[in-house]
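# Summary of structural features
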Amino acid sequence: FADGVLAGRRVLISAGPTREPLDPVRFITNRSTGKQGFAIAAAAAAAGAEVTLVAGPVTLPTPAGVARIDVESAAEMHAAVLARAPAHDIFVATAAVADYRAAAPAERKMKKSAETLTLDLVRNPDILADVAALTSGRPFCVGFAAETHDVLAYAEDKRRRKRLDLICANHVGAGKGFEADDNALHVLWEGGSRELPLADKRELARALVALIAERYAAA
Ligand code: PMT
């Protein structure tokens, strides 16, 4: 891993989960800890990049030399990322963004009454797809695809549909991907792929940043 491979480059990273409120005390979220995204931010900074990290609610310290913006919901993450994306060369979307939010979050705490409760959910905007669709100032776009089965097929479909430069297929499940300290990725691009074998998320992040720098230079 050559130091300085991203010198002079501006890298934007989304990390962690989002929280979608149901009422003032409850929300929908997922198991992302932000560990993988924060490790990529640290590795990109170590490679010489100027790094901006847009983080959902996590309990991790900010990596040295990284500018951090904290958000909660997918809508807030969308606004924070889209406002900054055109000023960056590379966008790495590691965040596990909630696909849906409550259609109308309650203003007061919801009370227990009936035996069953149905929640009305609406789709959240797709942050990565919107960045990749920018017509001016579009950064080099790196996505993640967390899947429990048919990982490569779903990842390739996401790469094409969202028009990404790279996609990192991430096999998740018990003890893998979300929450764990280790992770493994299969990175795909138009005409090529590379496997980054199971390793500590920090080591994997350094290998991924080296690969991103290589593909960015080839683009
Ligand atoms: O945080 P950790 O505990 O370390 O775990 C790391 C991780 C498993 C969360 C991470 O490595 C990972 O795989 N992140 C992507 C999680 C995911 O749910 O991906 P997805 O298949 O829902 O989304 C595909 C891509 O689109 C992702 O790059 C995602 O950031 C992006 N996306 C998705 C939905 C949305 N509304 N906006 C987005 O930008």
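Residues numbered from 1 in each chain as written. Predicted model: local features only at pLDDT ≥ 70, side-chain atom pairs only at ≥ 80, totals over all residues.

### Some words on the overall build of the protein chain
For the protein chain, the count of helices and strands is five helices and 12 strands. Compactness check: the protein chain gives a C-alpha radius of gyration of 18 Å against a globular reference of 17 Å for 219 residues, within 12% of the reference. Seen through its C-alpha atoms, the protein chain measures out along the principal axes to roughly 60 × 35 × 35 Å. Counting only residues that meet the buried cut, the protein chain has 39% of its 219 residues in that class. (Helix = DSSP H or I, 4+ residues; strand = E, 2+ residues; numbered from the N terminus. Rg over C-alpha atoms; globule rule 2.2 N^0.38 Å. Buried ≥ 20, exposed ≤ 12 C-beta atoms within 10 Å, placed from the backbone.)

### Quick look at the site of the ligand
The immediate surroundings of the ligand are formed by 29 residues, with Gln36, Ala93, Ile127, Leu128 and Ala146 found nearest. Elements represented by at least two residues in the shell around the ligand include exactly α1 (35-46), α3 (127-132) and β9 (140-147). Considering every element that reaches the shell around the ligand, the biggest residue donor is β9, with four residues. (Near = placed C-beta within 6 Å.)

### Re the UniProt feature "binding site: CTP" (unreviewed entry) in the protein chain
Under the UniProt annotation, the feature "binding site: CTP" (unreviewed entry) is placed at Asp99, Lys109, Pro125, Asp126, Ile127, Leu128, Phe144, Lys158 and Lys162. Sequence-wise these annotated residues cover 64 residues; spatially they are dispersed, their C-alpha atoms as much as 37.5 Å apart. Mapped onto the fold, Leu128 is located in helix α3. Given 25 C-beta atoms within 10 Å, Leu128 falls into the buried group. Setting aside anything within four residues of it in sequence, one finds Leu128 in contact with Ala93, Cys141, Gly143 and Lys162. Position of Lys158 relative to the elements: it lies in helix α4 (residues 151-161). (UniProt positions renumbered as here; feature names shortened; annotations may be inferred. Contact = placed C-beta atoms within 7 Å.)

### Focus on helix α5 (residues 201-218)
When the terminal C-alpha atoms of α5 are compared, their 25 Å separation across 18 residues agrees well with the 26 Å that a helix rising 1.5 Å per residue should span. Along α5, the residues classified as buried are Lys201, Leu204, Ala205, Arg206, Leu208, Val209, Ile212 and Ala213. (Expected span 1.5 Å × (residues − 1).)

### A few points about unusual backbone geometry
Generally, phi is negative for residues other than glycine and the peptide bonds are trans, each holding for most cases. Phi angles above zero are rare outside glycine, and Asp150 is one such case at about 50°. Residue position: Asp150 is located in the loop between β9 and α4.

### Here's the deal with the environment of Val187
Examined against the element boundaries, Val187 turns out to sit in strand β11 (residues 182-189). In the structure, Val187 is positioned 25 residues away from Ile212 in sequence and 9.7 Å away in space, judged by C-alpha atoms. In this structure, Val187 is in contact with Leu166, Cys168, Ser193, Arg194, Leu196 and Leu211, ignoring residues within four places of it in sequence.

### Thoughts on the pairing of strand β2 (residues 20-23)
Two elements, β2 and strand β3 (residues 26-28), share three bridges in a ladder whose sense is antiparallel. Residue pairing in the sheet places Glu20 in a bridge with Ile28 of β3. In textbook terms, the turn of a hairpin is the stretch between consecutive antiparallel strands, and for β2 and β3 this stretch comprises two residues. (Pairing = 2+ DSSP bridges.)

### Some details on the sheet that holds strand β1 (residues 10-15)
Strand order across the open sheet formed by eight strands is β5-β4-β1-β6-β9-β10-β11-β12, with mixed pairing between neighbours. At either end of the open sheet lies a strand with only one pairing partner, and these are β5 (66-70) and β12 (192-200). Adjacent strand axes in the sheet meet at a mean angle of 15° when their direction is disregarded. The pairing of strand β6 (residues 90-93) with β9 spans four bridges and is parallel. Pairing of Ile90 across the sheet is with Phe140, part of β9. (Axes fitted to C-alpha atoms, helices over the stretch in contact; angles between N-to-C directions.)

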